[in-house]
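Examination of the molecular architecture
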Amino acid sequence: MMRIILLLSFILTLISQGYSNSISCVNHCGQEFNGQNLCNCKTKCQEDNNCCPDYHIQCEESLSRVSDSEIQAVSEALYSLDSNRASDSELIIDPQVLISNSETSAKKDLSPHSLFRYVSEASLFSKPTYAAFITLLDNYDRKTGVAESFSPAEVQEQENFLKQTIQNTELGRELYTFLYNKGYYTSWEEFLFDLKMMWFGLYSRSNDKLDSSGFEHVFAGEIKNGKVSGFHNWVRFYLMEKQELLNYYSHSFDGPWLSYPDVLGMQFMWDGYYKQIGSAIIGSSPEFDLAVYTLCYITRPSKKCLLSLGGKQLSIQTYTWDKTNYGNGKKYIASAYPVTPN
């Protein structure tokens, strides 16, 4: 009780002195320290003796709620339940040239052929989750600094996507059950609302315009400062390549999986803009990508999140958007992607 009283007293004192921000670790656990902040929420803060007053409550207890082994176990379950993943007969890729990380900045087209040799659109894209995903992709202007807006029909497309991928799949229901049992959510309604906000809620990356969202950045891709930003989805990659708007150059990482889903770290030019390393899970369903990114974002925000897929490990890195929030201080998704080793 004394600790709580002292904590509240400290916070009220700071607020009375004009410091209303950056004094709490709520939704800031693990984030890089900003020198303008009054305190720190990274693990190293204990060594530096500059932890925010609620660090132990917000960060240590949050991390202990779900262990690494539990994340790996549920990720294996999600992997097993991905019945809509591509089979070897539905998807054929040609990665061609493998380069080192030191070569990724060269912008050299070393692959004479497309990455995707064959995709069975009839069998894959007719599935409700793929169809709902593809419908969303033309709802965005890829350049940051240009305000996004959604028509009522486009908002309905977002809701249908969450319904098809999460509510209507065994994989999505498994994710909800896990998060519900861990106390993150108390109802389907709460979970779906939070998914909609964290993935589709708009925020500003440039020019104070509501120009971005987690979904646009991760799944559709953006252009910022003359470079490709985000763009971590294989279906989007294939569709852009098919329209001759994307030129595959090379890859710097190929995961250990012998069937789909696999992971690639790719170099490519997207209609005049270069991506030095664009990682993506290849051959997975839209619901699988959404589920594992969401799992990691909720349980390990702004941290590397170690998954187990078919007995092989994959790290997912997520980042929170810290400049604005929704609800009771919740953070939008800034990015989520597979980590490719250096």
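In case you missed it, the structure is sitting above this.
Residues numbered from 1 in each chain as written. Predicted model: local features only at pLDDT ≥ 70, side-chain atom pairs only at ≥ 80, totals over all residues. Heavy atoms only, no water.

1. As for the overall build of the chain
For the record, the criterion: For helices the rule is a DSSP run of H or I covering at least 4 residues; for strands it is a run of E covering at least 2, with both sets numbered from the N terminus onward. A 1.4 Å probe rolled over the protein chains alone gives each residue an accessible area, and that area as a share of the maximum for its type sets the label: buried under 20%, exposed over 50%, partly exposed in between. We call two residues in contact when some of their heavy atoms are within 4.5 Å. Each accessible area is a Shrake-Rupley estimate made with a 1.4 Å probe; only the visible protein chains count as cover when residues are assessed.
Looking only at helices and strands, the chain has 12 helices and 10 strands in total. Burial status across the chain gives 50% buried among its 342 residues. The long-range fraction of contacts in the chain, counting pairs at least 24 apart against all pairs at least 6 apart in sequence, stands at 60%. Summed over its atoms, the accessible surface of the chain is roughly 15,700 Å², and 50% of this surface lies on carbon and sulfur atoms.

2. Some details on the packing of helix 4 (residues 68-80) against helix 12 (residues 286-299)
Note the threshold: Axis geometry follows a simple rule: fit a line to the C-alpha atoms, using only the stretch in contact for helices, then measure angles between N-to-C directions, giving values from 0 to 180 degrees. If an angle is under 35 degrees, it is roughly parallel; if it is over 145, roughly antiparallel; if it lies from 65 to 115, roughly perpendicular; otherwise it is oblique. Each crossing gets its handedness from the near helix: less than a right angle anticlockwise from the far helix is left-handed, clockwise is right-handed. The residue classification treats Ala, Val, Leu, Ile, Met, Phe, Trp, Tyr, Cys and Pro as nonpolar and Asp, Glu, Lys and Arg as charged. All others, Gly included, are polar.
With their axes 10 Å apart at the nearest point, helix 4 and helix 12 run at an angle of 170° to one another. Considered as vectors, helix 4 and helix 12 are oriented roughly antiparallel to each other. Judged by the sense of rotation from one axis to the other, the crossing of helix 4 with helix 12 is right-handed. For the pair helix 4 and helix 12, contact is made by Ile71, Val74, Leu78 and Tyr79 and by Phe288, Ala291, Val292, Leu295 and Thr299, respectively. Looking at side-chain class alone, the contact of helix 4 with helix 12 contains eight nonpolar, one polar and no charged residues.

3. Things to note about the sheet that holds strand 8 (residues 304-309)
The following threshold applies: When DSSP locates at least two bridges between a pair of strands, those strands are taken to pair.
In spatial order, the strands read 8-9-10; together these three strands make up an open sheet with antiparallel pairing. If you trace the sheet from one side to the other, it starts and ends with strand 8 and strand 10 (330-338), each paired once. Each neighbouring strand pair of the sheet contributes to a mean axis angle of 35°, computed without reference to strand direction. In terms of strand pairing, strand 9 (residues 312-326) meets strand 10 through eight bridges, oriented antiparallel. Across the sheet, the residue bridging to Trp321 is Tyr332, located in strand 10. Along the sheet, helix 4 makes contact with strand 8 and strand 9, crossing strand 8 at roughly 50°.

4. Some words on the side chain of Glu287
This is how the line gets drawn: Only four residue types enter the charge count: Lys and Arg as positive, Asp and Glu as negative, with His and the chain ends excluded. The term salt bridge refers to a pairing of a side-chain nitrogen on Lys or Arg with a carboxyl oxygen on Asp or Glu at a separation within 4 Å. In protein, a polar contact requires one atom able to donate a hydrogen and another able to accept it; more generally it is a pair of N or O atoms within 3.5 Å, and residues adjacent in sequence count only if both atoms are side-chain atoms.
Position of Glu287 relative to the elements: it lies in helix 12. Put simply, Glu287 is tucked away with no salt bridge, and the nearest opposite charge, on Lys127, sits 7.6 Å away. Within polar-contact distance, the side chain of Glu287 engages the side chain of Asn84 at 2.7 Å. Here Thr129 takes part through its side chain, which lies 2.8 Å from a polar atom of the side chain of Glu287.

5. Concerning helix 6 (residues 128-136)
Rules: Note that the arc is defined by the directions from the helix axis to the C-beta atoms.
Among the residues making up helix 6, those that are buried are Thr129, Tyr130, Ala132, Phe133 and Leu136. For helix 6, the arc enclosing every buried residue in end-on projection is 165°, short of the 170-degree limit, so these residues lie on one face. Taken together, the buried residues of helix 6 touch helix 5 (121-124), helix 7 (152-167), helix 9 (188-200), helix 10 (214-220), helix 11 (234-242) and helix 12.

6. What to know about the state of the cysteines
Note the threshold: Cysteine sulfur atoms are paired as a disulfide whenever they fall within 2.5 Å.
Under the defined criterion, the tally for this structure stands at three disulfides. Note that Cys45 is cross-linked by a disulfide to Cys51, the S-S spacing being 1.9 Å. Here the S-S torsion is close to 90°, and the disulfide linking Cys45 with Cys51 is therefore right-handed. With relative accessibility at 24%, the residue Cys51 sits in the partly exposed group. For Cys296, the disulfide goes to Cys305, at an S-S distance of 2.3 Å.

7. Digging into the packing of helix 6 against helix 11
Where helix 6 contacts helix 11, the two axes come as close as 11 Å, and the packing angle between them is 60°. Here helix 6 is positioned oblique relative to helix 11, judged by the angle of their axes. Note that helix 6 runs across helix 11; the crossing there is right-handed. Contacts between helix 6 and helix 11 involve Tyr130, Phe133 and Ile134 from the former and Trp234, Val235 and Leu239 from the latter.

8. Let's talk about the pattern of salt bridges
Per the counting criterion, the structure on display carries seven salt bridges. Asp271 is paired through a salt bridge with Arg142; the nearest N and O atoms lie 3.4 Å apart. Of this pair, Asp271 sits in the loop between strand 6 (262-270) and strand 7 (273-282) while Arg142 is found in the loop between helix 6 and helix 7, placing the two residues 129 residues apart along the sequence. On the accessibility criterion, Asp271 (43% relative accessible area) is partly exposed. When its relative accessible area of 18% is taken as the criterion, Arg142 is described as buried.

Interpretation in functional terms is not warranted from these geometric data alone.
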